[in-house]
Amino acid sequence: MIHIENLHKKFGRNPVLEGVELSIAGSGIHAILGPNGSGKTTLIKSILGMVCPDRGSIHLDGTPIRGEWAYRNRMGYLPQIAEFPSNLAVAELFRMIADLRQQEGQAWPLIERFGLQPFMDKKLGTLSGGTRQKVNLVLTFMFDAPLYILDEPTSGLDPRAMIALKTLIRERKSSGALFLITTHIMPLVEELADNVIYLLEGRVYFEGSLEQLYHHTGENHVEPAIAAIAEQTHV
Amino acid sequence: MFKILKYSFYDLLRSRWSYVYLGFYLLLGFVLLFLNQDLSKAVITLMNVIIVLVPLIATILGVMYFYNSREFTTLLLAQPLRRSRIFLGQYLGVAGSLSLSLVLGLGLPFALYGLFRSGAIWDFSLLLLTGVFLNLIFTALAFLVALANDNRIKGFGYAVLLWLFLAVIYDGLFLLSLILLEEYPLDTFALGASLLNPIDLSRTLILLKLDISALLGYTGAVFKSFFGTSLGLVISLGVLLLWTVLPTGLMLRKARSKDF
Ligand SMILES: Nc1ncnc2c1ncn2[C@@H]1O[C@H](COP(=O)(O)OP(=O)(O)OP(=O)(O)O)[C@@H](O)[C@H]1O
Ligand SMILES: [Mg+2]
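Residues numbered from 1 in each chain as written. Chains lettered and ligands numbered in written order. Predicted model: local features only at pLDDT ≥ 70, side-chain atom pairs only at ≥ 80, totals over all residues. Heavy atoms only, no water.

Chemist: Can you lay out the overall build of chain B for me, pointing to particular residues and giving the numbers?
Modeler: What chain B contains, in helices and strands, is 11 helices and zero strands. Start at the N end of chain B and walk to the C end: the helices and strands fall as α-α-α-α-α-α-α-α-α-α-α. Here chain B has a C-alpha radius of gyration of 19 Å; the compact-globule value for 260 residues is 18 Å, and the two agree. Projected onto the principal axes, the alpha-carbon positions of chain B cover approximately 55 × 50 × 30 Å. For chain B, the residues scored as buried account for 52% of the 260 residues in total. Here the contacts in chain B between residues at least 6 apart in sequence split such that 81% fall between residues at least 24 apart. As presented, chain B carries roughly 11,900 Å² of accessible surface, and 70% of it is formed by carbon and sulfur atoms. When the 19 positive and 12 negative side-chain charges of chain B are each reduced to one mean point, those points stand 16 Å apart. (Helix = DSSP H or I, 4+ residues; strand = E, 2+ residues; numbered from the N terminus. Rg over C-alpha atoms; globule rule 2.2 N^0.38 Å. Buried < 20%, exposed > 50% of the residue type's maximum accessible area, 1.4 Å probe, protein only. Contact = heavy atoms within 4.5 Å. Areas by Shrake-Rupley, 256 points an atom, 1.4 Å probe, with all protein chains shown as cover. Lys, Arg positive; Asp, Glu negative; His and termini not counted. Charge placed at Lys NZ, Arg CZ, Asp CG, Glu CD.)

Chemist: For the sheet that holds strand β7 (residues 147–151) of chain A, give the residues involved together with the corresponding values.
Modeler: Residues and elements named next belong to chain A. Strand order in the open sheet formed by six strands is β6-β7-β8-β3-β9-β10, and the pairing between neighbours is mixed. Each edge of the open sheet carries a strand with a single partner, namely β6 (75–78) and β10 (203–209). Across the sheet, the mean angle separating the axes of adjacent strands is 15° when strand polarity is ignored. As paired strands, β7 and strand β8 (residues 178–182) are joined by five bridges and run parallel to one another. Across the sheet, L147 pairs through a bridge with L178, a residue of β8. The sheet strands contacting helix α5 (residues 159–174) are β3 (28–33), β7 and β8, and the helix crosses β8 at an angle near 145°. (Pairing = 2+ DSSP bridges. Axes fitted to C-alpha atoms, helices over the stretch in contact; angles between N-to-C directions.)

Chemist: Talk me through helix α11 (residues 229–256) of chain B; I want residue IDs and the actual numbers.
Modeler: Quick reminder: α-helices carry 3.6 residues per turn. Residues three or four places apart thus point the same way. Here α11 of chain B contains 28 residues, and its C-alpha end-to-end distance of 41 Å stays within 8% of the 40 Å for a straight helix at 1.5 Å per residue. The set of residues buried in α11 of chain B consists of G232, L233, S236, V239, L240, W243, T244, P247, T248, M251 and A255 of chain B. (Expected span 1.5 Å × (residues − 1).)

Chemist: Which residues make up the site of ligand 1, and what values go with them?
Modeler: Residue and element names in this part refer to chain A. Around ligand 1 there are 13 residues in total, and G37, K40, T41, T42 and H184 lie nearest to it. Between N36 and ligand 1, the recorded distance is 3.0 Å, taken from a side-chain N or O atom to an oxygen atom. A distance of 3.0 Å is found between an oxygen atom of ligand 1 and a backbone nitrogen or oxygen belonging to G39. Contact with the protein chains hides 62% of the accessible area of ligand 1, taken as 640 Å² for the molecule alone. At the level of secondary structure, the elements contributing two or more residues to the shell around ligand 1 comprise β2 (14–24) and α1 (40–48). Sort the elements by how many residues they give to the shell around ligand 1 and α1 lands first, with three residues. Of the residues that constitute the shell around ligand 1, the class distribution is three nonpolar, nine polar and one charged. (Near = heavy atom within 4 Å. Polar contact = N/O pair within 3.5 Å; in protein donor to acceptor, adjacent residues only side chain to side chain. Nonpolar A, V, L, I, M, F, W, Y, C, P; charged D, E, K, R; others polar.)

Chemist: Give a detailed account of the sheet that holds strand β4 (residues 55–60) of chain A, specifying residues and quantitative values.
Modeler: Residues and elements named next belong to chain A. Ordered by their spatial adjacency, four strands build an open sheet running β2-β1-β4-β5, and the pairing between neighbours is antiparallel. The sheet is open, and its two edges are formed by β2 and β5 (63–64), each paired on a single side. Alignment of strand β1 (residues 2–11) against β2, held across eight bridges, turns out to be antiparallel. When the bridges of β2 are listed, K10 appears paired with P15.

Chemist: Account for the interface of chain B and chain A, naming residues and giving values.
Modeler: Chain B puts 23 residues into the contact, and the matching count from chain A is 27 residues. Between chain B and chain A, the buried area comes to about 2,300 Å², and carbon and sulfur atoms account for 55% of it. When the buried area of chain B at its contact with chain A is split by residue, L75, P80 and D259 of chain B rank highest and sum to 25% of it. For the interface between chain B and chain A, the tally reads three salt bridges. Of the charged contacts, one joins K9 of chain A and D259 of chain B as a salt bridge, the two residues approaching to 2.7 Å between their closest N and O atoms. Summed over the shared surface of chain B and chain A, the number is 15 residue pairs in polar contact (both at pLDDT 80 or more). Looking at the side of chain B that touches chain A, the elements that each hand over two or more residues are α1 (2–14) and α4 (70–77) of chain B. When grouped by side-chain class, the residues that make up the side of chain B that touches chain A number 10 nonpolar, three polar and 10 charged. (Buried area = accessible area lost by both parts, 1.4 Å probe. Salt bridge = Lys/Arg side-chain N within 4 Å of Asp/Glu carboxyl O.)

Chemist: Outline the coordination of the magnesium ion (ligand 2), listing residues and values.
Modeler: Those donors, T41 of chain A (OG1) and Q80 of chain A (OE1), are the protein atoms that reach the magnesium ion (ligand 2), and they lie 1.9 to 2.2 Å from it. Of this pair, T41 of chain A sits in helix α1 while Q80 of chain A sits in the loop between β6 and α2 (90–101), and the two are 39 residues apart along the sequence. (Donors = N, O, S within 2.8 Å, 3.2 Å for Na, K, Ca; no water.)

Chemist: If you had to explain the nonpolar core to someone new, which residues and values would you point to?
Modeler: Ranked by internal contacts, the top residues of the largest apolar core, which has 153 residues, are L93 and F141 of chain A. A per-element tally of this core places helix α6 (residues 121–148) of chain B first, with 17 residues. One finds A193, L210, V222 and I226 of chain A within the second-largest nonpolar core, a separate group that totals 16 residues. (Core = buried A, V, L, I, M, F, W, Y, C linked by side-chain atoms within 4.5 Å.)

Chemist: Break down the packing of α2 of chain A against α1 of chain B for me, citing the residues and quoting the values.
Modeler: Where α2 of chain A meets α1 of chain B, the closest approach of the two axes is 10 Å, and the angle between their N-to-C directions is 150°. Here α2 of chain A is positioned roughly antiparallel relative to α1 of chain B, judged by the angle of their axes. Where α2 of chain A crosses over α1 of chain B, the handedness of that crossing is right-handed. Judged by residue contacts, E92, M96, D99 and L100 of chain A of α2 of chain A engage K3, I4, K6, Y7 and R14 of chain B from α1 of chain B. Looking at the contact of α2 of chain A with α1 of chain B, its residues break down into four nonpolar, no polar and five charged. (Parallel < 35°, antiparallel > 145°, perpendicular 65-115°, else oblique. Left-handed = near helix turned anticlockwise from the far one by under 90°.)

Quick look at the structure:
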């Protein structure tokens with residue numbers, strides 16, 4: 001479904017992606033891991049067409065995405081930092097995005113799940129961090145899509161919202177969606193992920209299932225396994 | 001694109017800036033009419049104000065809107081929308097709301113004063129049309145500068161410098177070069193100089209229409225003797241259009257390769 005070849009991206013003189021190769025197909029949950037600043041967000045934004053890579057190609061369902069835009073209809077994207085026009089009310093935001101996409105969004109069931117009803121008339125600029133993240137989540141999941149890209153979906157969420165989110169992800173997965181998720185929370189990876197992609201120094205340093213990761217490192221938890229991989233690179 | 005235009009436009013209508021500008025133009029219109037007591041004289045004073053202030057206001061509001069709507073822009077970029085439409089829509093939203101303030105704010109006082117029964121209506125309409133062009137041109141330039149500078153302070157500074165250059169410094173440089181060049185065949189030089197600056201061009205355009213040679217200045221006089229009045233009008237309008245299309249195109253090109 002997603003096929004990435006030799007992807008390079010520099011910001012000024014700072015090389016961030018240096019030849020990323022990645023091929024992801026079918027359904028399931030793929031966790032993109034890597035230290036802060038390893039380029040996870042940059043990779044995701046390249047797939048979305050928000051960052052323009054210097055070299056390399058990204059294909060989605062066999063067609064290159066360069067210069068395209070309609071393919072974003074087929075994905076739900078959760079940005080790491082939720083940016084909303086601050087003078088808009090929550091309900092207005094949902095209505096505006098549905099209007100711009102010319103698609104009927106299914107916002108209400110999600111609003112109820114995340115308990116956002118009391119906030120619908122509040123201005124986005126006045127919301128707390130966690131509440132903003134919930135709005136961000138509703139916006140991502142209100143359109144059915146075969147591909148969801150979530151950049152740090154759990155940041156700021158309380159335990160109840162966290163459970164609601166995990167349930168939601170599992171439901172969409174079982175109806176055949178593909179997930180790319182970045183996170184620094186390893187228990188979440190153990191709980192949800194089918195596959196792990198470890199990004200380091202601008203490349204995909206490890207890619208495989210959880211079992212392969214354990215086997216590769218001789219550990220039986222993600223946290224020490226990832227630490228072990230990170231260690232290997234320093235030798 | 002029209003949906004994005006609509007949202008940008010509403011966004012601006014909800015901000016108090018549109019009303020500040022509307023109020024400013026209303027006040028300007030009434031004060032000018034009160035002081036001049038004569039429609040065609042007021043039109044001339046108005047020209048001098050429009051030619052300098054409209055570009056300044058468009059520059060400032062364009063840069064401010066661009067930086068303040070960054071969240072809206074990044075939100076839109078993740079949606080299935082064409083990048084060029086996102087920026088074109090926002091650009092037209094800003095230039096449109098500025099032009100609405102201009103046309104309403106000046107149109108209302110002049111209409112109340114009996115514009116429609118006066119011979120000055122065509123001069124006045126051309127003045128407003130030129131104002132709309134200046135809005136389009138300087139909003140595009142402001143967007144272009146803001147796109148090229150992530151640092152707000154720098155972007156703001158460069159945009160205002162650009163306005164200062166075109167509105168004030170350019171004329172000074174031109175006069176200076178006239179003195180320095182002396183014997184050199186100046187006419188083509190002057191002609192080029194007036195086409196290369198949208199503010200000068202607007203002034204020439206309006207004065208050609210008003211047919212006031214005394215105010216035309218050197219470039220305007222050359223312009224008139226070279227093209228004649230009617231061809232001069234057509235050509236200056238055409239070049240103004242070019243001045244609108246070019247920065248807009250550059251702005252869209254810049255937007256295409258920018259990282260968000
Ligand atoms: N727009 C930008 N301009 C300049 N540099 C950037 C830009 N975006 C990202 N970078 C740089 O690229 C590098 C990778 O950033 P990125 O956000 O992709 O990391 P990340 O893996 O998502 O990190 P984190 O785990 O902290 O979210 C960082 O060094 C960052 O400073
Ligand atoms: Mg990140």
